[in-house]
Amino acid sequence: CSAVKAISSSTSMSALPEVGELFEETGFYQSIRLFDEPPLFTKQSAFQRIEVVRSPYYGKVLVLDGVLQLTEKDANAYNEMMAHLPMFQHRSPQRVLVIGGGDGYVLSEVLKHESVLSVDHVDLDVEVIETCRKFFSWGDAWKDPRVTLHIADGAEFVRNAPTGYYDVIVQDSSDPWGWDESGNMVELPSKVLYAREHFENLHRILGQDGILNIQAETLQIPSDFAGATEWRQTLLDVGFSSSRYGSILISSYPTGQIGFLMSEKKPDLSTSPRDIQQRFAALKMVGKSTSYYHPRLQVGAFDLPYWAEQQMYGD
Ligand code: SAM
């Protein structure tokens, strides 16, 4: 995750033969190296190179085009926050759309909410879904009868979706940009998911109290945070009444932090803190609790360092 130059290399480490192969994601700011024992899976799909590697600390790790997407150890942080923040913020989320998220984790968290009647899940790449079904424990989410899977471009799907239909939309996309071998910036398949036209369509297909949550990169890399600041402004320009940057701690992503933009059409219609507590307690009662998300983060996740607040919201 995050806009870094990513290189996935399975290089033999003769000094550490007992550990095995090496996966490396190298950024302009920092690198992450995970020992792999050896790569579990590699495939070039029509859209991206898919890899599953294993690290003694992080467990199984999904990598797309050399960029780490999630690890078994800390995927709970990102995926619970992406799903539960908007799901609890909405008073009664019944119709949900998940865009991207081919690993199925956001989908499995959304399905914990009993109010949900239907979830449309749209991802570009069926090969990511098949890989994650095989390698990750949350890969059963698509079996839930409330889920309809659409293999399509998210922007195209949203363009053709009915007006005012969804209560909550979660956009769990990979990075919109990356770098080629020569260090040139390249646009990736998810670029379309950050275009103004797509934001307009997302606003259109949400109901009057609809809530959108999109992956919004790290605040610790200046170009990423500048991108997030622009996206927020565009989300407001296309009609959302509020759009807030929330923060997640996650050690396997570059800089150890990732953000999201939660945007609401009518923030005054959102759930009260007391109702959120009650609904969270009800999830726990039926064994569907979370391990990172809890109701205090519904507010606390949006507390940013002072400089970041100033950059995102002005003085
Ligand atoms: N949590 C991860 C992160 O922040 O890096 C993202 C995980 S998820 C695996 C990203 C998904 O976005 C992939 O399954 C990919 O196929 C999907 N994707 C990329 N571009 C897309 C598009 N235009 N429409 C729908 N899905 C897209």
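Our subject is the structure listed above.
Residues numbered from 1 in each chain as written. Predicted model: local features only at pLDDT ≥ 70, side-chain atom pairs only at ≥ 80, totals over all residues. Heavy atoms only, no water.

J.: I'm lost on the overall build of the protein in this one. Help?
T.: Helix and strand content of the protein: 9 helices and 16 strands. Evaluated residue by residue, the protein yields a buried proportion of 56% over its 315 residues. Contacts spanning at least 24 positions in sequence make up 64% of the contacts within the protein whose residues lie at least 6 apart. Accessible surface for the protein amounts to roughly 13300 Å². Of this, 51% is attributable to carbon and sulfur atoms. (Helix = DSSP H or I, 4+ residues; strand = E, 2+ residues; numbered from the N terminus. Buried < 20%, exposed > 50% of the residue type's maximum accessible area, 1.4 Å probe, protein only. Contact = heavy atoms within 4.5 Å. Areas by Shrake-Rupley, 256 points an atom, 1.4 Å probe, with all protein chains shown as cover.)

J.: Got a minute to help me understand the pattern of salt bridges in this structure?
T.: Where charged atoms from two side chains of opposite charge come close, those side chains can pair. Across all of its chains, the model carries 10 salt bridges by this definition. The salt bridge partner of Lys 43 is Glu 127, with a shortest N-O separation of 3.1 Å. Here the residue Lys 43 occupies a position in strand β4 (residues 41-44), and Glu 127 occupies one in helix α3 (residues 126-135), the gap between them amounting to 84 residues. Lys 43 gets classed as partly exposed once you look at its relative accessible area, which sits at 35%. Owing to a relative accessible area of 21%, Glu 127 belongs among the partly exposed residues under this scheme. In this structure, the salt-bridge partner of Glu 200 is Arg 196, at a minimum N-O distance of 3.2 Å. Residue Glu 200 and its partner Arg 196 are both found in helix α5 (residues 196-205); the two are separated by 4 residues, about one turn of the helix. (Salt bridge = Lys/Arg side-chain N within 4 Å of Asp/Glu carboxyl O.)

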